[in-house]
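A closer look at the structure
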Amino acid sequence: MRFVFKTSYEQDINLFRHGGDRFWYGLLLLALAAAPLLLDTFYLGELSFILIYAIAATGLMLLVGYTGLVSLGHAAFLGIGAYANAYFISQGMPFLVSFPLAGLITAAAGLLIGVPTLRMSGIYLAIATLAFAYIVEQVFIRWESVTGGFRGLPVDAPDIFGYQLWERWEFYYLCLVVLVAVILGVANLLRSPTGRAFVAIRDSEISAQSMGINLARYKAMAFALSAFITGLAGALYGHHISYLAPDAFDIRLSIILLLMVVVGGVGSLHGAVYGAIFAGALPQVIAILRDYLPPAISQTPGLEPALFGVILVFFILFEPFGIYGRWLKIKLYFQMFPLYKKATFKRQKSYLKTERLR
Amino acid sequence: MSLLSVENLAIHFGGIKAVDQVSFAVEAGEVFTIIGPNGAGKTTIFNLISRIYDPTEGRLIFDGVDFTTMPAHRIAGLGIARTFQNIELFEHATVLQNLLVGRQPHARVNLLSEILFLPSVRRAEIAHREKVEEIIDLLDLQAYREQMIANLPYGVRKVVEMARALCTEPKLLLLDEPSSGLNVEETQDMSYWIEDIKRRLGVTVLMVEHDMGLVSSVSDRVLALNYGRVLAQGSPEEVQRNPDVIKAYLGGEE
Ligand SMILES: Nc1ncnc2c1ncn2[C@@H]1O[C@H](COP(=O)(O)OP(=O)(O)OP(=O)(O)O)[C@@H](O)[C@H]1O
Ligand SMILES: [Mg+2]
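Below you will find a few notes about this structure. For clarity, every value in this text was computed on a predicted model and none was experimentally measured.

1. A short note on the coordination of the magnesium ion (ligand 2)
Residue and element names in this part refer to chain B. Of the protein atoms, only T43 (OG1) and Q85 (OE1) coordinate the magnesium ion (ligand 2), at distances of 1.8 to 2.1 Å. You can see T43 sitting in helix α1 (residues 42–49) and its partner Q85 sitting in the loop between β6 (80–82) and α3 (95–101), a full 42 residues away along the chain. Overall, the relative accessible area of 18% leaves T43 in the buried class.

See below:
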C-alpha cells in the first residue's frame, strides 16, 4: 500500500498525485507515440478510431458522468462536427480554422437542445435528445446543397499550413494530440469551480442551488462544452471515414457512445478511455469470434448491436461503476491483501430519504 | 434593523395553508429557533427563505434587501446558507470536494482560464482551500477530509453539511433539525458547534429543532408554530410554558 505524505495544498490541486502517476502516464504516452513504428496501417487506423471515440466519450462523460444529464443524441453532435468541418474544407478553408469552427458550431447546436430541456432529466431528457438527433439526421438528408444528402460528402485530408496529412500515421498523431489536449482541458476544468459545480448538480440539484450554483447556466454550459468536444471528435471522425453519409450518425452510434461511458465507468475520465477501447475493439473481437461460432448465430444480422445492448444492460445491472470501478476494486484488493473487506464498496444505507424535496 | 425580517409570509399548496401569515425577525448575533409538531410548516419556511418555493403572500428582507423574488442561486451570495432536514450532500464526492463547493459564491468563473488552469486559477484554488481548512479545523473534520460522503456515518454527514454551509461565509445560517438522527453524545457536540459558530464566527443562526434540551441550551429566542401559524414567541422558557404550545404538543403527538 502506498501512502502519500501531503506537505502542501498544491499536491491536492495537481493533476498527478505523485511521481508514480507521472511515470505511468508518461510511459503510456511514449507507447502511444511509438505506435506508428510498431503497428501496420490497418491497426494504426483502428487505433486512431479508438482515439476519436475516446474524444467523443470524454465529451459525453462531461455531460452524463459529471453533470448527470443523459443524452441519447450525441451521434447528432458527432455528425454536425463532421459535416461542418467537411463542408468548410470543401469551401477551401484550412483545417486549422475549420476544425475549431466545427466545434463551435456543434456547441451552438448543444445550446439549441440544452436550453429548452433545462428542466428535464432522466427519461424525458433521453427522449428529447433522441428526437433532436432524429431531426438533425433529417437535416443531413435534406440539406443537399451542404451535406450532399444521400449522395454523401467526400472529406479531404486535413492540411496544416498547406501540408496535407495523407498518411495514416500523420492522421494518427493528429488524433493523439487532440485527445491529449481535450483530456487535459477537461481534467483542468474538473479541478476548478466549474467542474465542481457540474458534480454538485449531478449529486443534488437542490443543494447545488443553495450553494449559489445557477442550475440553468451550468447545465447549458455542460451541454455546450460536451457538444463542442463531441463536435471536434466528429470532425476527425469525418476524416477517418473520409466519406460522410447521413446514416453514419443514427441512433446506433448514439448508443455506442453511451455504452462507452457506462461500460468505462460513469464519472471518471479513465472510464471514457476504457469505454472507447472497449467499443473500438469489440467489433474486431466479434469478427474473430464469428469464425468459431455456428453459422446460424454468426450469420444473424444485427448481432453486433444486439451484443452492445446486452452488454449495456449487464453493466447497468451488475457493474454500475464500469470497467474503471472494477479496476479500482482489483487494485485495492492487491494493495490490501489479505485484509480486503468485501463490504468496502458497499454503499452504507445508514439513513432513509423519507421525505425528499420536490 | 433586524438581519432577517419575515413579514406576513404565506404559502398554500392546493388547499393546504402550509405557512399562514407568519411574521418574525431575527436579530444579528442571536440563535433563533423555530419549534412545532410534525407538519407545522417549519421546513417550508426554510424553503421559502431559500427561495425554493415562491410565497403566495408576504415579504422577505435580509440586511435591508428585499429578496422575495430573488432567484434561489443568489441567496448564498446574499449571505444565507442552509442545511437540509434529510441531508443533501454530494454523495459521490469527498468531504473536501463538498466543502469546496461551498466556496462557489466566492468563485470567479472564467471558463477559458479554468481549462488552461492558469496561475490565477491555481492561486484562487489555494485561497479557497485555506478557507475550507479553517472550517475543517473549527468542526474537527480532519480525519474525514479525503473520504467519500457515501462511506460516512450519519452523524459525520450532519457536521459536514454544516461545514459546507459555513464555507460560503454566511451571515445567517439556517439549520433544519441539526440533532435529528444523532445520539445523545453527538447532540451534545452539536450544541457546542452551534455555540462556536455563534461566538467564534459571529454567524447568526436560525434553526428548526425538536430536541428541547438543545433548544433551551443554545437558543436566545424561540418561535412556536402549529398548522402554519405562529403560536408563541419569546425566550425558551416562556414559549415552553405557553399553554397553547403545551396543548399543540399534547394534541399533536401521541
Ligand atoms: N411541496 C409541497 N407540496 C405540497 N404540500 C407540501 C409541500 N411541502 C410541504 N407541504 C405540506 O406542508 C406542511 C408542512 O410541511 P413541513 O415539511 O414544512 O413540516 P415541518 O414542520 O418541517 O415538519 P417536520 O417536523 O416533520 O419536518 C405539511 O402538511 C406538508 O405535507
Ligand atoms: Mg421539517
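So much for the structure itself; the text now carries on.
2. Details of the packing of aromatic side chains
For the structure shown, the criterion picks out 15 aromatic pairs over all chains. Summarising the aromatic geometry, the rings of A:F140 and A:F249 are spaced 6.1 Å apart at their centres and angled 65° between planes, so their arrangement reads as edge-to-face. Placement of A:F140 in helix α6 (residues 122–142) and of A:F249 in the loop between β4 (243–244) and α12 (251–264) is noted, with a sequence separation of 109 residues between them. An identical accessibility class is assigned to A:F140 and A:F249; each is buried. Ring centres of B:F13 and B:Y53 lie 5.3 Å apart, and the angle between their planes is 80°; this geometry places the pair in the edge-to-face category. Taken together, the residues B:F13 in strand β1 (residues 4–13) and B:Y53 in the loop between α1 and β4 (57–62) connect sequence positions 40 residues apart. Each residue in the set A:F49, A:Y53, A:Y83, A:F140, A:Y237 and A:F249 is aromatic and connected to the rest through ring pairs, giving one cluster. The ring of A:Y218 has A:R217 lying over it, and the distance from NZ or CZ to the ring centre is 5.5 Å. The aromatic ring of B:F90 is capped on one face by B:R164, whose charged end is 4.7 Å from the ring centroid.

3. Quick notes on the interface of chain B and chain A
Facing the 48 residues of chain B at the interface are 48 residues of chain A. Here chain B packs against chain A, burying approximately 4,200 Å² in sum over the two surfaces, 57% of which is carbon and sulfur. A per-residue breakdown of the area chain B buries against chain A is headed by B:H73, B:N86 and B:E88, which together make up 15% of the total. Taking the shortest distance from any N to any O, the salt bridge between B:E125 and A:R196 comes out at 3.0 Å. Connecting chain B to chain A are ten residue pairs in polar contact (both at pLDDT 80 or more). Take the side of chain B that touches chain A: its biggest share by element is seven residues, from helix α5 (residues 119–138) of chain B. In terms of residue class, the side of chain B that touches chain A is made up of 26 nonpolar, ten polar and twelve charged.

4. Considerations on the pairing of β1(B)
Looking down a regular strand, the side chains alternate between one sheet face and the other. All names here are of chain B. In the sheet, β1 pairs with strand β2 (residues 16–26) via seven bridges, with the strands oriented antiparallel. Paired with H12 across the strands is K17, a residue of β2. Following β1, the chain reverses through two residues before pairing antiparallel with β2; G14 in that reversal takes a positive phi of roughly 60°. With five bridges joining them, β1 and β4 adopt antiparallel strand pairing. Considered in β4, the bridge of E7 is made with R59.

5. With respect to the pattern of salt bridges
Working definition: two side chains of opposite charge can pair if their charged atoms are close together. All names here are of chain B. With the rule as written, the count across this model stands at 19 salt bridges over all chains. Ionic pairing is found between D63 and K171, a salt bridge with its closest N-O pair at 2.9 Å. Residue D63 is found in the loop between β4 and β5 (65–66), and its partner K171 is found in the loop between α6 (154–167) and β7 (172–176); the two are separated by 108 residues along the sequence. By relative accessible area, which is 33% here, D63 ends up partly exposed. Note that E134 is salt-bridged to K131, the shortest N-O span being 3.1 Å. Separated by three residues within a single helix, E134 and K131 lie in helix α5, roughly one turn from each other. Classification of E134 by relative accessible area gives partly exposed; the value is 47%.

6. Some words on the nonpolar core
Of all hydrophobic cores here, the largest spans 102 residues; its most connected members are A:L236 and A:F249. Of the residues forming this core, the biggest block, 16 residues, is contributed by helix α3 (residues 41–66) of chain A. Apart from the residues within four sequence positions on either side, A:F249 is in contact with A:A75, A:L78, A:G79, A:A82, A:Y83, A:E137, A:F140, A:Y237 and A:L244. By size, the runner-up hydrophobic cluster in this structure holds 37 residues, among which are B:Y154, B:L166, B:V205 and B:V218.

Procedures and definitions
- Residues numbered from 1 in each chain as written.
- Chains lettered and ligands numbered in written order.
- Predicted model: local features only at pLDDT ≥ 70, side-chain atom pairs only at ≥ 80, totals over all residues.
- Heavy atoms only, no water.
- Donors = N, O, S within 2.8 Å, 3.2 Å for Na, K, Ca; no water.
- Helix = DSSP H or I, 4+ residues; strand = E, 2+ residues; numbered from the N terminus.
- Buried < 20%, exposed > 50% of the residue type's maximum accessible area, 1.4 Å probe, protein only.
- Phe/Tyr/Trp six-rings, centres within 6.5 Å; stacked < 30°, edge-to-face > 60°.
- Lys NZ or Arg CZ within 6 Å of the ring centre and 35° of its normal.
- Contact = heavy atoms within 4.5 Å.
- Buried area = accessible area lost by both parts, 1.4 Å probe.
- Salt bridge = Lys/Arg side-chain N within 4 Å of Asp/Glu carboxyl O.
- Polar contact = N/O pair within 3.5 Å; in protein donor to acceptor, adjacent residues only side chain to side chain.
- Nonpolar A, V, L, I, M, F, W, Y, C, P; charged D, E, K, R; others polar.
- Pairing = 2+ DSSP bridges.
- Core = buried A, V, L, I, M, F, W, Y, C linked by side-chain atoms within 4.5 Å.

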